[in-house]
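Coordinate inspection notes
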Amino acid sequence: KMSIAARALFRSPVPVAALFRSPARRVSTADTVTVTVAEAQSKTAAAMRKIGWDAEDAALQAEIMTAAELCGNNQGLVKMYNPSLMAPSPGAAKPTIERETPTSAVVNANQSPGMLAAVNAADLALQKLRSQDGPIAIVTAYNTSTSSGQLAFYCERMARQGAIGIALANSPEFVAAAPGGKPIFGTNPVAFGIPQAAGPPLTFDMATSAIALFGVLTSKAKGEPLPEGVAYGRDGGFTTDASEALEGGAIATFGGHKGAGLSLCVELLAGVLSGGAVVGQCESKKLAKSWGHTMIAIQPDLLVDGFEAKAAAVLAATKASGPSIRLPGESSARTAAERTAADALPIPKQIWESICRTAEHGLPEQ
């Protein structure tokens, strides 16, 4: 059976200065290895090149995975636990641009990974925003069948350039619209990136499901029960049995009908609008292998004066409105800042060994 780490494929750029620091300081414990941020990214890029990616695509994917690892997101270097799943798909090609206008475009990923589809779409949206006089640009992507990972990465990438970034993504049928329903939605995340004059962008990244697919897979692997109310069993009622949820059951949406409505909107705006596989018109989105992304870039100063100062006032007022209030993305940003300042990135030992082995030898012969 596929390991939990490999199954994780279903759901702030590394600072430039970190790429030029002194050689790695490796610190090992029984379960983790701590390396510099630069080595984590460069070694991962080397592993990606060794399994068939060109230098550009290897570097981009390594940057995205390392950035997720840096802030403690579970969509990071775990993807390299089984590197064969990260190799180029047979017949895959570089993403190409379709239906282009001055303010919009569609990226045909040509079966490139979701990370490359998403980063191409985000970068093109920002490029189009900068090349015209209007306040908004939108780029969609389709024809990919792997996870784009941490969706906030792409929003933060846009927000670091002064644009508001919005990202939506759909995926195969894991989530039911209501108790008793069959799986029809993906975990369908949505993310936002808001530029700030002082400090990193505010990011908010959430799945519209009650629990991420990774969480269900982890519970199954550990033999632990799921939290109450996050998944349905074969009979349509709630279950805490992860195996039953995955095999004949479904994940629930968060917040009942409100989450279902939001998940439906993501399905329409990321799946249908992008040109991806349409549930109801295909046997399944998983078999169709065409999942969608939508990236929106907004230039706030073309719509309002002093956006960043006003946004800062809202955030400060929110923080001051009650005890122990935490802003979205605050914990992740703090983790990333601490690890960057220490230039120390802890990585599970088995995952680091897989990365190093792949960087030196490539994939094992079948």
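Residues numbered from 1 in each chain as written. Predicted model: local features only at pLDDT ≥ 70, side-chain atom pairs only at ≥ 80, totals over all residues. Heavy atoms only, no water.

**Looking at the environment of glycine 215**
Let me state the cut-off plainly: Only DSSP runs of H or I covering at least 4 residues are called helices, and only runs of E covering at least 2 are called strands; the numbering of each starts at the N terminus.
In this fold, glycine 215 is placed in helix α6 (residues 213–222). As for glycine 215 and asparagine 74, which are separated by 141 residues in sequence, their C-alpha atoms are 9.7 Å apart.

**Let's talk about unusual backbone geometry**
We apply this condition: When a residue's accessible area, from a 1.4 Å probe over protein chains only, is under 20% of the maximum for its type it is buried; when over 50% it is exposed; and in between it is partly exposed.
Phi at asparagine 188 takes a positive value of approximately 40 degrees, unusual for a residue other than glycine. Looking at asparagine 188, the relative accessible area reads 0%, which means it is buried.

**Regarding a nonpolar patch on the surface**
This is how the line gets drawn: Each patch is assembled from residues with relative accessible area greater than 30% and no salt bridge, linking like charges that lie within 9 Å and nonpolar side chains (Val, Leu, Ile, Met, Phe, Trp, Tyr) that lie within 5 Å. Exposure was quantified through the Shrake-Rupley algorithm and a 1.4 Å probe, taking into account, for residues, occlusion by the shown protein chains and nothing else. Each salt bridge in this description consists of a side-chain nitrogen of Lys or Arg and a carboxyl oxygen of Asp or Glu lying within 4 Å of one another.
On the surface, Leu264, Leu268, Leu269, Val272 and Leu273 cluster together into a nonpolar patch covering about 420 Å² of accessible area. You can see leucine 273 is positioned in the loop between α8 (257–272) and α9 (285–288).

**A few points about the packing of aromatic side chains**
Just so we agree on the cut-off: Two rings from Phe, Tyr or Trp (for Trp, the six-membered ring) form a pair when their centres are within 6.5 Å of each other. A pair whose planes differ by under 30 degrees is stacked, one over 60 is edge-to-face, and the rest are tilted.
Counted under the stated rule, the structure contains two aromatic pairs. Between phenylalanine 153 and tyrosine 154, the aromatic rings sit 5.2 Å apart at their centres with planes inclined by 85 degrees, giving edge-to-face as the arrangement. Grouping residues by exposure puts phenylalanine 153 and tyrosine 154 together as buried. Taking 4.9 Å as the distance between ring centres and 35 degrees as the angle between the ring planes, the aromatic pair formed by tyrosine 232 and phenylalanine 238 counts as tilted.

**So, the sheet that holds strand β13 (residues 291–298)**
To be explicit about the condition: The pairing criterion for strands is at least two bridges between them, as found by DSSP. Helix axes are fitted only over the stretch in contact, all axes being lines through C-alpha atoms; the angle between N-to-C directions runs from 0 to 180 degrees.
Across the sheet, seven strands lie side by side as β3-β4-β5-β13-β6-β9-β10; this open sheet has mixed pairing. In the strand order of this sheet, the two ends are held by β3 (96–101) and β10 (202–206), each with one partner. Across the sheet, the mean angle from the axis of one strand to that of its neighbour is 10 degrees, orientation sign disregarded. Bridging between strand β4 (residues 104–108) and strand β5 (residues 136–144) involves five bridges; their strand directions are parallel. Its bridge partner being in β5, valine 107 is matched across the sheet by alanine 141.

**Thoughts on the pattern of salt bridges**
All chains considered together, the criterion is met by 11 salt bridges. Here glutamate 247 makes a salt bridge to lysine 220, at a shortest N to O gap of 2.9 Å. Here glutamate 247, found in the loop between α7 (242–246) and β12 (250–251), pairs with lysine 220, found in helix α6; they are 27 residues apart in sequence, far enough to count as distant. Using a relative accessible area of 41% as the deciding quantity, one classes glutamate 247 as partly exposed. Of the residues examined, lysine 220 reaches a relative accessible area of 31% and is grouped as partly exposed.

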